[in-house]
Amino acid sequence: MTKSTAAGAGSSPVRRFASVRCLSARRTAAVAGAAVLAGTAAVCAPGVAVAAPRAAASAAPTTDFRDCPPLPAGADPARWRCEVHTAAPVLTIGKVTVRLAPITMTHAEGPLPDGGDGQVWGAMHSTPTAVPGVRGLAIQPEYGGRSDFYTGTFSLRFRLLGRQLAPGCTIGATAPVDFRLKRSGPSTWVSQDPPLIEFSAYDDTFAAPAAERCGPLAPLVNHRLGLPAAEGNLMTYDASYTFETYDRLPRIPAR
């Protein structure tokens, strides 16, 4: 599938046109889903199973929908949903492997007035994680400006933090790292009310560029991390997500 570019604040929503429409599946019994990252692909894609919903989990978390973006003009709030997903990825990049601190991504999706599939980016939150075996170095993922939650593609930059590094030291500073996640197995409904779905995915095909804007220590940092690395990289992505339709959320002004 072709990767789309998710809209940022103040821009137009992503459109995705497909020969086989999945809107009816997404409207069925609040099941829908948003792609590899959040369910639509899991519902519509051939060969991908979705486990039957289990009884509501007593430990289902309360989700903060404050990052839900405004809907595009003319969008039907009852048919658009805000999705919030959380993951703690394990990243092998170059010569190091690190279990990243949990990240949270929020986006909206639904049918556009002209019949196309739409997406609007919301926000991403993350915190730094110490890089094993590299004293005084931490890594923090940041949104790279592109995402398509129908196909499971998105981009990230990885900021490197250390007392002797320049503030802008980043892997993917010029061009972000692009991921195309593949499912590791079926999705599992943990709870129906509130909805909570778990899934696992991975990508072992992405290339890792050298760190840039790191100051005089850039060559040393890249040597220690084994960057750039055209192959041998891996992200495993165990995650969960929840959603709510916009007609059930507090009013968010349209653009």
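Below: a short report on this structure. All figures in this text were calculated on a predicted structure; none of them were measured in a lab. All chains use their own residue numbering, which begins from 1 and follows the written sequence. Where totals are concerned, whole chains, interfaces and linings use all residues; where local detail is concerned, this predicted model gives features only for residues with pLDDT of at least 70, and gives and counts side-chain atom pairs only at 80 or more. Side-chain measures were taken over the full set of non-hydrogen atoms in the model, leaving aside hydrogen atoms and water.

## Here's the deal with empty space enclosed by the protein
Put plainly, a pocket is an open set of points on a 1 Å grid over the protein atoms alone with protein on both sides within 12 Å along at least five of seven lines, a cavity is a set where a 1.4 Å probe fits but cannot get out, and a lining residue has an atom within 4 Å of a point. Grid points are joined across faces, edges and corners, and a volume is the space filled by probe spheres set on the points. One pass over the full model with this rule turns up 2 cavities of 30 Å³ or more. Each residue is assigned to one class: nonpolar for Ala, Val, Leu, Ile, Met, Phe, Trp, Tyr, Cys and Pro, charged for Asp, Glu, Lys and Arg, and polar for all the others, Gly among them. Residue classes in the lining of the second largest cavity are distributed as 8 nonpolar, no polar and no charged.

## So, unusual backbone geometry
The residue after D193, namely P194, is reached through a cis peptide bond having omega 5°. A run of DSSP states H or I qualifies as a helix once it reaches four residues; a run of E qualifies as a strand once it reaches two. Both are numbered from the N-terminal end. For P194, the location among the structural elements is in the loop between β13 (188-192) and β14 (195-203). Of the consecutive residues L227 and P228, the connecting peptide bond is found in the cis state with omega at 0°. Its location among the elements puts P228 in the loop between α4 (218-225) and β16 (234-245).

## Considerations on the state of the cysteines
Only a pair of cysteine sulfur atoms within 2.5 Å counts as a disulfide in this structure description. For the structure shown, the criterion picks out 2 disulfides. One disulfide in the model links C68 with C82; its S-S distance is 2.0 Å. Between C68 and C82, the disulfide has an S-S torsion of -95° and is therefore left-handed. Of this pair, C68 sits in the loop between α3 (40-44) and β2 (81-87) while C82 sits in strand β2, and the two are 14 residues apart along the sequence. There is no split in this pair, since C68 and C82 are both buried. At a sulfur-sulfur separation of 2.0 Å, the disulfide partner of C169 is C214. Sign of the S-S torsion, about 70° for the bond between C169 and C214, identifies this disulfide as right-handed. On the criterion of sequence distance, the pair formed by C169 in the loop between β9 (153-161) and β10 (170-171) and C214 in the loop between β15 (211-212) and α4 is long-range, its members being 45 residues apart. With a 1.4 Å probe rolled over the protein chains alone, any residue whose accessible area is under 20% of its type maximum counts as buried; one over 50% counts as exposed, and the rest are partly exposed. On the basis of relative accessibility, which here comes to 1%, the residue C214 falls in the buried class. Looking at the chain, its bonded cysteines, counted consecutively from the start of the sequence, adopt the pairing 1-2, 3-4.

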